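# Coordinate inspection notes
Each chain, letter by letter, is given below.
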Amino acid sequence: MKLVPWGDVIEHAPRVIAGARRFLDKQRGGGADIDAAPVPTGNGTPQERVQVLEAAWQRMQADLAQVAQTNADLAEQNARLIDQVERLRKRSRWLVGGAALLALGLLMLAWRVY
């Protein structure tokens, strides 16, 4: 477990968590940002409706960019962890092989002594 880049994981964790929490808060709120600027019904002019819809579109684009960044951060962190786990797996194979050779050597030594 020493090979896992825990420093990097810990360094990136607050950004990932903060982004995920902001996104989840917006989802739980049921789109509170959009409710704050409702689309005018029959009273509003077409230009006002277009402006409100453009503002909502921009907010949705910002949310999408935030989600994409959070996903990219998670993917990068996941790739690092996978790489380190693969290294640990290879080292554990070498360790098991070395232990098997050591045990075989000890058995041969014990066989010669008796």
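Look up a bit, the structure's there.
Keep in mind it's a predicted model, so treat the numbers as computed, not measured.

## Focus on empty space enclosed by the protein
Summed over all chains, the structure comprises one cavity of 30 Å³ or more. Considering only enclosed or pocket space, the largest cavity measures out at about 40 Å³ in volume. Every residue lining the largest cavity is listed: His12, Arg15, Asp73, Glu76, Gln77 and Arg80. Secondary structure elements with two or more residues in the lining of the largest cavity: α1 (6-28) and α3 (46-113). Of all the elements, α3 adds the most residues to the lining of the largest cavity, at four residues. A breakdown of the residues in the lining of the largest cavity according to their chemical character gives no nonpolar, two polar and four charged.

## A closer look at the pattern of salt bridges
Two side chains with opposite charge may pair up if their charged atoms get near one another. Under the counting rule described, the total for this entry stands at two salt bridges. Residue aspartate 83 is joined to arginine 87 by a salt bridge in which the shortest nitrogen-to-oxygen separation is 3.6 Å. You can see aspartate 83 and its partner arginine 87 sitting in helix α3, four residues apart, about one turn around the helix. The class of aspartate 83 is partly exposed, set by a relative accessible area of 37%. Judged by its relative accessible area of 44%, arginine 87 is partly exposed. With its nearest N and O atoms 2.3 Å apart, the salt bridge here joins arginine 89 to glutamate 86. One end of the pair is arginine 89 and the other is glutamate 86, both in helix α3 and three residues apart, which spans about a single turn. Relative accessible area serves as the criterion here: at 34%, arginine 89 is assigned to the partly exposed category. The exposure class of glutamate 86 is partly exposed, given its relative accessible area of 29%.

So, how was this worked out
- Residues numbered from 1 in each chain as written.
- Predicted model: local features only at pLDDT ≥ 70, side-chain atom pairs only at ≥ 80, totals over all residues.
- Heavy atoms only, no water.
- 1 Å grid on protein atoms, 1.4 Å probe; cavity = no way out; pocket = protein on both sides within 12 Å on 5 of 7 lines; lining within 4 Å.
- Points joined across faces, edges and corners; volume = space filled by probe spheres on them.
- Helix = DSSP H or I, 4+ residues; strand = E, 2+ residues; numbered from the N terminus.
- Nonpolar A, V, L, I, M, F, W, Y, C, P; charged D, E, K, R; others polar.
- Salt bridge = Lys/Arg side-chain N within 4 Å of Asp/Glu carboxyl O.
- Buried < 20%, exposed > 50% of the residue type's maximum accessible area, 1.4 Å probe, protein only.

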